[in-house]
Amino acid sequence: MRAQRTNSREKILAAAAEVARESGPGSLSLEAVASRAGVSKGGLLYNFPTKAKLMQGLVEGYLREFEQALDSARANDKDENPLAVYIRLSANDCEEKQPSASWIFSAIAEDPDFMTPIKTFKQQLFERLKGETPDLKSLLVCYLAIEGLRSMNLFDADVLSKDERELLVSSLLEIAK
């Protein structure tokens, strides 16, 4: 029974990710997700009691994928500085167009705990990088610059040109050496 629950939970999350990509997370409806996943709305609500919990599951999945990509990149190039790996992955991630951040505000309004996994992930990632980066000043500059890029991307407030973003990333990679 437990494997079936996990499987339906994963099916629901995959369906929610597809629906969110197609129509944007803010337009995500539980009915559309249940239909796409091939489960009843009750089955969806059993796994995710609120839309905010479903969105939180999507965010947690994204964070897991980012961490796996970070681990994989580190394993493939053991000589590259861990901070540089983080910068490259994050910069590539920021190149992808993100949907409007309005869905985040909706999720927070519905469930203030929505941000907890994001805060936890960012704290753990920062602590991990701090343990792997000998120069705290370089880490602080690079980490905050990347988080600034992420925020601009998320809130569709990117004021940098492609050339300026590339200059920023190459400068951060120099600082990370």
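Each chain carries its own residue numbering, running from 1 in the written order of its sequence. Side-chain atom pairs in this predicted model are given and counted only at pLDDT of 80 or more, local residue features only at pLDDT of at least 70, and totals for whole chains, interfaces and linings cover all residues. To get the side-chain values, all heavy atoms of the structure are used, and hydrogens and water are removed first.

Colleague: Help me understand the packing of aromatic side chains, please; the structure alone is not making it clear to me.
Modeller: Each aromatic ring pair is summarised here by two numbers: the centre-to-centre distance and the angle between the ring planes. Stacked, tilted and edge-to-face pairs are distinguished by plane angle, under 30 degrees for stacked and over 60 for edge-to-face with tilted covering the rest, among Phe, Tyr and Trp rings (Trp via its six-membered ring) whose centres lie within 6.5 Å. A full pass over the atoms with the stated rule returns 3 aromatic pairs. Taking 6.3 Å as the distance between ring centres and 80° as the angle between the ring planes, the aromatic pair formed by Phe 66 and Phe 121 counts as edge-to-face. With a gap of 55 residues between them, Phe 66 in helix H4 (residues 51–76) and Phe 121 in helix H7 (residues 116–132) connect regions that are remote in the sequence. When sorted by exposure, Phe 66 lands in the same class as Phe 121, which is buried. Strands are runs of DSSP state E lasting at least two residues, helices are runs of H or I lasting at least four, and both sets are numbered from the N terminus onward. A 1.4 Å probe rolled over the protein chains alone gives each residue an accessible area, and that area as a share of the maximum for its type sets the label: buried under 20%, exposed over 50%, partly exposed in between.

Colleague: Explain helix H5 (residues 82–95) here, please?
Modeller: An α-helix turns once every 3.6 residues. As a result, residues three or four positions apart point the same way. Given a helix with a known number of residues, its expected span is that number minus one, times 1.5 Å. Taking 1.5 Å as the rise per residue, H5 with 14 residues should run 20 Å; its terminal C-alpha atoms sit 20 Å apart, in good agreement. The element H5 is largely enclosed, with a buried count of 10 among its 14 residues. Of the residues making up H5, those classed as buried are Pro 82, Leu 83, Ala 84, Val 85, Tyr 86, Ile 87, Ser 90, Ala 91, Asp 93 and Cys 94. When checking whether two residues touch, look at their non-hydrogen atoms; a contact exists if any pair is within 4.5 Å. Tucked into the core, H5 has its buried residues touching H4, H7, helix H8 (136–154) and helix H9 (162–176). Between N or O atoms, a polar contact is any pair within 3.5 Å; within protein, one atom must be a potential hydrogen donor and the other a potential acceptor, and residues adjacent in sequence are included only when both atoms are from side chains. Regarding H5, its N-cap is Asn 81, as a side-chain oxygen of that residue lies 2.6 Å from the backbone nitrogen of Leu 83 further along.

Colleague: Please explain the packing of H7 against H8 as it appears in this structure.
Modeller: When two helices pack together, their arrangement is given by the angle between the helix axes and the distance between those axes. Helix axes use the C-alpha atoms of the stretch in contact, all axes being lines fitted to C-alpha atoms, and the angles between their N-to-C directions lie in the range 0 to 180 degrees. Between H7 and H8, the shortest axis-to-axis distance is 10 Å and the interhelical angle comes to 150°. The angle between H7 and H8 falls in the class roughly antiparallel. Along this stretch, H7 crosses H8, giving a crossing that reads as right-handed. In this structure, H7 uses Lys 122, Leu 125, Phe 126, Leu 129 and Lys 130 to contact H8, whose residues at the interface are Leu 136, Leu 139, Leu 140, Tyr 143, Glu 147 and Arg 150. Residue composition of the contact of H7 with H8, by class: 7 nonpolar, no polar and 4 charged. Any angle that is under 35 degrees is reported as roughly parallel, and any over 145 degrees as roughly antiparallel; angles of 65 to 115 degrees are reported as roughly perpendicular and all others as oblique. Here a crossing is called left-handed whenever its near helix is offset anticlockwise from the far helix by less than a right angle, and right-handed whenever the offset is clockwise. Classification used: nonpolar for Ala, Val, Leu, Ile, Met, Phe, Trp, Tyr, Cys and Pro, charged for Asp, Glu, Lys and Arg, polar for all others including Gly.

Colleague: Just checking my understanding: could you explain the side chain of Arg 150 for this structure?
Modeller: When you line up the elements, Arg 150 lands in helix H8. Apart from residues lying up to four places away in sequence, Arg 150 is in contact with Tyr 62, Phe 66, Ser 90, Asp 93, Cys 94 and Lys 122.

Colleague: Can you help me understand unusual backbone geometry in this one?
Modeller: Excluding glycine, most residues fall at negative phi; most peptide bonds, likewise, are trans. Of note, the phi angle at Asp 156 is positive, near 50°, even though the residue is not glycine. Residue position: Asp 156 is located in the loop between H8 and H9. Using a relative accessible area of 55% as the deciding quantity, one classes Asp 156 as exposed.

Colleague: Sorry, what's going on with the pattern of salt bridges here?
Modeller: Side chains that differ in charge, positive against negative, can pair when their charged atoms come close. Think of a salt bridge as a Lys or Arg side-chain nitrogen and an Asp or Glu carboxyl oxygen that are within 4 Å of each other. Tallying each qualifying case throughout the model produces 15 salt bridges. Two residues, Glu 80 and Arg 88, come together in a salt bridge whose shortest N-O distance is 2.6 Å. Arg 88 sits in the partly exposed class, given a relative accessible area of 41%. Residue Asp 93 is joined to Arg 150 by a salt bridge in which the shortest nitrogen-to-oxygen separation is 2.9 Å. One end of the pair, Asp 93, is in helix H5; the other, Arg 150, is in helix H8, and 57 residues separate them in sequence. Neither Asp 93 nor Arg 150 differs from the other in exposure class; each is buried. Linked through salt bridges whose partners overlap, the residues forming this network are Glu 67, Asp 71, Arg 74, Arg 128 and Glu 132.

Colleague: Would you mind going over the nonpolar core with me for this structure?
Modeller: One broad rule of soluble globular proteins: the nonpolar side chains tend to lie buried together. Counting residues in each nonpolar core, the largest one holds 48 residues, and the members touching the most others are Val 33, Leu 54, Tyr 86 and Ile 87. If one sorts the elements of this core by residue count, H4 sits on top with 8 residues. Leave out the neighbours within four places in its chain, and Ile 87 touches Cys 142, Ile 146, Val 169, Leu 172, Leu 173 and Ala 176. Nonpolar core, defined: a set of buried Ala, Val, Leu, Ile, Met, Phe, Trp, Tyr and Cys residues in which side-chain atoms within 4.5 Å join the residues together.

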